[in-house]
Amino acid sequence: REPGYGEALRRKAERARKRRLRLQRRKLEARAAEEEEKARAAEREAKIDQWRAKCIQEVEEKNRERELKAAADSVLSEVRKKQADTKRMVDVLRGLEKLRKLRKEAAARKGVCPPPSADEAFENQVESLKTLLKTRTELYEAEERALRVMLEGEQEEERKREMEKKQKKEREKLLQQKLEMDSNLFGDPAEFPLAHLLQPFRDYYLQAEHSVAALIQIRHEWDQYLVPADHPEGSCIPPGWVLPSLPTNDTWATAVR
């Protein structure tokens, strides 16, 4: 029965309703922000894990290559040592032959001659040793060639991997330059929605990247104007995008912005 009580009660209820809606909206916004932060954190963790796994893999590959090369070098060193021992044994055998010849000549001057059976036994023993040393020499040379081929293959693989890494860096650098150039020409795509006023121009100038027919048509139109560099009535086609020059006055700068 009090005048205006119903209106005051209605306003109070409306304020309470708005307050509840406001609290609910803040709660939803806080929850969405929390979920977004969790998603960003998970993405960062995934990138960190991927980078860590890549680093670990690279270190393991380098360690395996180093161990393989060290093992190959060790085996190669052992083979060379065996070759040196074999060569030294050959030199010793030659020295024995020369020493026996000198002693035989000295004994002959004194009138002492060894029986033919002794000469035959010595020659047979020497030939047997020469055959054995020759077989070992060929075996060690084959092992050395195999190890050298393996080492050269590893070095070639290492050079190939280095070249692939270098080419990958060059491709990434060229891609980054292209993205920067496209951003300068058409604007940063991350800052503009698809319905932005520059989107039709982007679609027009980049249509050759998505359509072979458009690429052929554009190339045909460009080929009509191919002229030598010293042609008096034209100039050759530039190798890339022709970037716009910087504004020369404030009015132009305002229009560009």
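Residue numbers here run from 1 along each chain, matching the order of that chain's written sequence. Owing to the predicted nature of the model, reporting of local features is limited to residues with pLDDT of at least 70; listing and counting of side-chain atom pairs is limited to 80 or more, with chain, interface and lining totals taken over all residues. With hydrogens and water excluded, all non-hydrogen atoms of the structure serve as input to the side-chain values.

In the nomenclature of an unreviewed UniProt entry, the protein is known as PDCD7 protein of Sclerurus mexicanus.

A look at the overall build of the protein
A run of DSSP states H or I qualifies as a helix once it reaches four residues; a run of E qualifies as a strand once it reaches two. Both are numbered from the N-terminal end. Broken down by element type, the protein carries 5 helices and 0 strands. Ordered by position from the N terminus, the helices and strands of the protein form the series α-α-α-α-α. Per-residue accessibility, obtained with a 1.4 Å probe over protein chains only, is compared with the maximum for each type, and a residue is labelled buried under 20%, exposed over 50%, and partly exposed between these values. A total of 257 residues make up the protein; the buried ones form 8% of that total. Across the protein, contacts joining residues at least 24 apart in sequence account for 61% of those joining residues at least 6 apart. What makes two residues a contact is simply this: any of their non-hydrogen atoms within 4.5 Å.

Notes on helix α1 (residues 5-109)
It helps to recall that an α-helix has 3.6 residues per turn; residues three or four apart then point in one direction. Look at α1: 154 Å from first C-alpha to last across 105 residues, which is about the 156 Å you get at 1.5 Å a residue. Positive backbone phi, approximately 90°, marks G111, located one or two places after α1. A helix is expected to reach a length of 1.5 Å times the quantity of its residues less one.

Section: the UniProt feature "coiled-coil region" (unreviewed entry) in the protein
UniProt positions are given in the numbering used here, feature names are shortened, and annotations may be inferred rather than shown by experiment. The UniProt feature table records "coiled-coil region" (unreviewed entry) at residues 6-54 and 152-180. From the first C-alpha to the last, residues 152-180 spans 41 Å; its make-up is 100% helix and 0% strand.

A short note on a nonpolar patch on the surface
A cluster of nonpolar residues, F201, Y204, Y205, W241 and L243, forms a patch on the protein surface that exposes about 550 Å² of accessible area. Relative to the helices and strands, Y204 resides in helix α3 (residues 199-205). Here the term patch refers to residues with relative accessible area over 30% and no salt bridge, with like charges joined within 9 Å and nonpolar side chains (Val, Leu, Ile, Met, Phe, Trp, Tyr) within 5 Å. Residue-level accessible areas treat just the shown protein chains as cover; the underlying method is Shrake-Rupley with a 1.4 Å probe. Should a side-chain nitrogen of Lys or Arg be within 4 Å of a carboxyl oxygen of Asp or Glu, the pair is scored as a salt bridge.

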